[in-house]
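# Analysis of the macromolecular model
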Amino acid sequence: RANALLDGAVVVGHDLRHDFKLLGRFHHRRVLLRDTAFCPLLKSGLEGSLASKPGPPSLRNLAAAWLEHGMHRGRAHDSVEDARSAMLLYRLIAPQWEELSH
């Protein structure tokens, strides 16, 4: 049922490959993805060794660079906080992202 809800929906998140794999969803139209792990605009905001590190940046590093709050601060992983942070990151650069995706 979750897959049916996702058909045609814009999906915002961080490194969505893992979420889609758990759902058994192996195809989602790229034009409908807003994956903060693979956004060059967000990665450009990282400094020093984080900017040149190969692979996608962590959500924690992106949040530290772009948002006014850190993540998890010694607490256990929180999927709601992850979703909130990914959405806040997307909303910060949404106009530029949407311009690039068309």
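These lines cover the structure that appears in this document, whether it is placed above or below. No experiment lies behind these values; they were computed from the predicted model shown.

## A few points about the overall build of the protein chain
- Helix and strand content of the protein chain: six helices and two strands.
- The N-to-C order of helical and strand elements in the protein chain reads α-β-α-β-α-α-α-α.
- Here the C-alpha atoms of the protein chain give a radius of gyration of 14 Å, agreeing with the 13 Å that 2.2 N^0.38 yields for 102 residues.
- C-alpha atoms of the protein chain, sized along the principal axes, occupy 40 × 35 × 25 Å.
- The proportion of buried residues among the 102 residues of the protein chain is 32%.
- Element-wise, carbon and sulfur atoms account for 57% of the exposed surface of the protein chain, whose accessible area totals about 7000 Å².
- Considering the protein chain, the positive charge centre built from 14 side chains and the negative charge centre built from 11 side chains are found 4 Å apart.

## Here's the deal with the packing of helix α5 (residues 59-66) against helix α6 (residues 79-101)
- In contact at an axis separation of 10 Å, α5 and α6 are set at 50° when each is read in the N-to-C sense. Judged by the angle between their axes, α5 and α6 are oblique. In this structure, the crossing between α5 and α6 has a hand that is left-handed. In this structure, α5 contributes Leu59, Leu62, Ala63 and Trp66 to the contact, and α6 contributes Asp82, Ser85, Ala86, Leu89, Leu92 and Ile93.

Reading guide: rules and limits
Residues numbered from 1 in each chain as written. Predicted model: local features only at pLDDT ≥ 70, side-chain atom pairs only at ≥ 80, totals over all residues. Heavy atoms only, no water. Helix = DSSP H or I, 4+ residues; strand = E, 2+ residues; numbered from the N terminus. Rg over C-alpha atoms; globule rule 2.2 N^0.38 Å. Buried < 20%, exposed > 50% of the residue type's maximum accessible area, 1.4 Å probe, protein only. Areas by Shrake-Rupley, 256 points an atom, 1.4 Å probe, with all protein chains shown as cover. Lys, Arg positive; Asp, Glu negative; His and termini not counted. Charge placed at Lys NZ, Arg CZ, Asp CG, Glu CD. Axes fitted to C-alpha atoms, helices over the stretch in contact; angles between N-to-C directions. Parallel < 35°, antiparallel > 145°, perpendicular 65-115°, else oblique. Left-handed = near helix turned anticlockwise from the far one by under 90°. Contact = heavy atoms within 4.5 Å.

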